[in-house]
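# Inside the fold
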Amino acid sequence: MKEKKTLFTVLEVAMALFIFVVSQLACGVVAAAVYAGIEYSKTGNIDPNAIGMAMGTNTDVVSYALLLSSLLTIFMIIVVKIALKRDILGELNAKRCDWKIALFVCIFLLLGAQGISILEEKLNLPNLMADTLTDMSGSVVGMLSIAILGPIAEEYVFRSGMIGGMLARGVKPWVAILVSSFLFGLIHINPAQVPFAMLIGVALGMMYVKSGSIIPSCICHILNNSIAVYTMIKYSDNPDITYSEMIGSEAWTNVIMVVSITLSVAFFIYYWRRRKAI
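Residues numbered from 1 in each chain as written. Predicted model: local features only at pLDDT ≥ 70, side-chain atom pairs only at ≥ 80, totals over all residues. Heavy atoms only, no water.

## Side note on the overall build of the chain
Along its length, the chain carries 12 helices and zero strands. The order of α-helices and β-strands along the chain, N terminus first, is α-α-α-α-α-α-α-α-α-α-α-α. The C-alpha radius of gyration computed for the chain amounts to 20 Å, which stays within 12% of the reference 19 Å derived for 278 residues, consistent with globular compactness. Across the 278 residues of the chain, 41% fall into the buried class. Entry remark: accessible area of the chain is about 14,800 Å², with carbon and sulfur atoms responsible for 70%. The positive charge centre, built from 20 side chains, and the negative charge centre, built from 18, are 21 Å apart in the chain. (Helix = DSSP H or I, 4+ residues; strand = E, 2+ residues; numbered from the N terminus. Rg over C-alpha atoms; globule rule 2.2 N^0.38 Å. Buried < 20%, exposed > 50% of the residue type's maximum accessible area, 1.4 Å probe, protein only. Areas by Shrake-Rupley, 256 points an atom, 1.4 Å probe, with all protein chains shown as cover. Lys, Arg positive; Asp, Glu negative; His and termini not counted. Charge placed at Lys NZ, Arg CZ, Asp CG, Glu CD.)

Dropping the structure here:
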C-alpha cells in the first residue's frame, strides 16, 4: 500500500512537470508556425532555419509562446486538480490569510531575493537568457508574460500542483517544499537563475504550506518578477550594469547583500515556526 501511495505521489509530481514542459514546447511550435505564416505572407517563402532560430531567439515568438503556454498550463493544472477532487476554490480563498503577516512575508522575500541576486552576480554565473529577457521586457506581451502570467503558471505547477499534490498524499511539508523547489530551480535551466530559483522556491513553498492558499505566493512571485522587468527596462541601454554600479559603492553592495539575506533567513525561520498559518 505504501509503495502504491509513493508511486501515485511521484506520478502526480511528474504530471505537473509534464504539463509545464509540454505546454511550453507546444506553444513554442504554435508561435513559430504563426511567425512562419506571417513571413510567408510577406516574402512568399519560408526559411526553415529562420523558423528554428525564431523559436529560441525571436523575442516576439518567445513572448507569445510564454503567454500561451502560461494560460494553457494554468488551465491544465486546474483540470487535473478537479479530476483528482482537490480543493481548487479553497486555494483561492483570501480569507485564509492574515494579510498583515503576509505583507511582512512579501517584504522579506523580496529583500532576500535582491540579496541573492547580488550574490549570483558576484559568482559570475553565465546568464544565457539575459539578452532575450531584456528584449522581451520591451514589449507589452513580454512584460505580461514575464511579470504576471508566467509567475501564476509556475505557482500553479510547483506550489499548487506539486506541493499541494504531495501534501494531499501525506508527504511531510518540508519534503514537499524541497522537492518542488529543486525542480523549480532545475526547470529554469539558465545557470544564473537556477540557484536563485531554488532558494526563492523554498520561501514560496513555505508561504503556500503555511497559508493553505496560492494567493500570497502568486503575489510575491509577481512582485519579484515585476521588479526584475522594471530593472531591465530602466537599464536597457546598459544591460551589463552591475549592482555595485547601480548602488554606487562596492562596500555598500556587500553590506546590502549580507544584511538582506540574513534578515530574510531569520524571518522565514521564525515564520515557519509559527503555529498559526498566515
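## Considering the packing of aromatic side chains
This structure, assessed with the given rule, holds seven aromatic pairs. When the centroid spacing of 6.4 Å and the interplanar angle of 55 degrees are considered together, the rings of phenylalanine 267 and tyrosine 270 count as tilted. Placement of both phenylalanine 267 and tyrosine 270 in helix H12 (residues 250–273) is noted, with a separation of three residues, approximately one turn of the helix. On the accessibility criterion, phenylalanine 267 (13% relative accessible area) is buried. Here a set of aromatic residues connected by ring pairs shows up, and it is made of Phe108, Phe267, Phe268, Tyr270 and Tyr271. The positively charged end of arginine 159 is found above the aromatic ring belonging to phenylalanine 184, 4.5 Å away from the centroid. Over the face of the ring belonging to tryptophan 272 we find lysine 210, whose NZ or CZ atom lies 5.8 Å from the ring centre. (Phe/Tyr/Trp six-rings, centres within 6.5 Å; stacked < 30°, edge-to-face > 60°. Lys NZ or Arg CZ within 6 Å of the ring centre and 35° of its normal.)

## Here we look at the environment of glutamine 24
Position of glutamine 24 among the secondary structure elements: in helix H1 (residues 2–43). Taking C-alpha positions, glutamine 24 is 19 Å from serine 137, a pair spaced 113 residues apart along the chain. If we skip the residues at most four places from it in the chain, glutamine 24 touches Leu66 and Ser69. (Contact = heavy atoms within 4.5 Å.)

## Description of the pattern of salt bridges
Applying the stated criterion to the full structure yields five salt bridges. Here arginine 169 ties to glutamate 12 by a salt bridge, and the two come within 2.7 Å at their closest N and O atoms. On the criterion of sequence distance, the pair formed by arginine 169 in the loop between helix H7 (140–168) and helix H8 (173–186) and glutamate 12 in helix H1 is long-range, its members being 157 residues apart. Among the residues examined, glutamate 12 registers a relative accessible area of 10% and is labelled buried. (Salt bridge = Lys/Arg side-chain N within 4 Å of Asp/Glu carboxyl O.)

## As for the environment of serine 70
Along the chain, the position of serine 70 falls in helix H3 (residues 59–83). Judged by its relative accessible area of 2%, serine 70 falls in the buried class. As for serine 70 and asparagine 238, which are separated by 168 residues in sequence, their C-alpha atoms are 29 Å apart. Residues contacting serine 70, with those up to four places away along its chain left out, are Leu149, Gly150 and Ala153.

## As for the nonpolar core
For soluble globular proteins, nonpolar side chains are generally found buried alongside one another. Leu109, Met162, Met207 and Phe268 are the most contacted members of the largest nonpolar core, which has 39 residues in total. Of all the secondary structure elements, the ones that give two or more residues to this core are H1, H3, helix H5 (99–123), H7, H8, helix H9 (194–211), helix H10 (215–234) and H12. Beyond its immediate chain neighbours, meaning those up to four positions away, methionine 162 contacts Val13, Ala16, Leu17, Val157, Ser180 and Leu183. (Core = buried A, V, L, I, M, F, W, Y, C linked by side-chain atoms within 4.5 Å.)

## Describing the side chain of asparagine 225
Position of asparagine 225 relative to the elements: it lies in helix H10. Residue class for asparagine 225 comes out buried when judged on its relative accessible area of 15%. Within the structure, the side chain of asparagine 225 is placed 2.8 Å from the backbone oxygen of isoleucine 146, a separation counted as a polar contact. Discounting chain neighbours no more than four positions away, the residues touching asparagine 225 are Ile146, Ala147 and Pro151. (Polar contact = N/O pair within 3.5 Å; in protein donor to acceptor, adjacent residues only side chain to side chain.)

## A few points about H5
Because an α-helix completes one turn every 3.6 residues, residues spaced three or four positions apart along the sequence face the same direction. Taking 1.5 Å of rise per residue, the 25 residues of H5 would be expected to cover 36 Å, and the 35 Å separating its terminal C-alpha atoms lies within 8% of that figure. Looking one or two residues past H5, asparagine 124 carries a phi angle of roughly 60 degrees, positive in sign. (Expected span 1.5 Å × (residues − 1).)

## So, the environment of leucine 144
As for its placement among the helices and strands, leucine 144 is situated in helix H7. Taking relative accessible area as the criterion, leucine 144 reaches 34% and is therefore assigned partly exposed. The spacing of leucine 144 and tyrosine 271 is 127 residues in sequence and 31 Å in space, taken between C-alpha atoms. Leaving out residues up to four positions away in the same chain, leucine 144 has contacts with Leu67, Leu149 and Gly150.

## Side note on a nonpolar patch on the surface
A grouping of Leu111, Ile247, Trp252, Val255, Ile256, Val259 and Leu263 is seen on the molecular surface, where their side chains present a nonpolar patch of about 580 Å² in accessible area. Ranked by residue count, the leading element in the nonpolar patch is H12, at five residues. With respect to the helices and strands, the residue tryptophan 252 is situated in helix H12. (Patch = residues over 30% accessible without salt bridge, like charges linked within 9 Å, V, L, I, M, F, W, Y side chains within 5 Å.)

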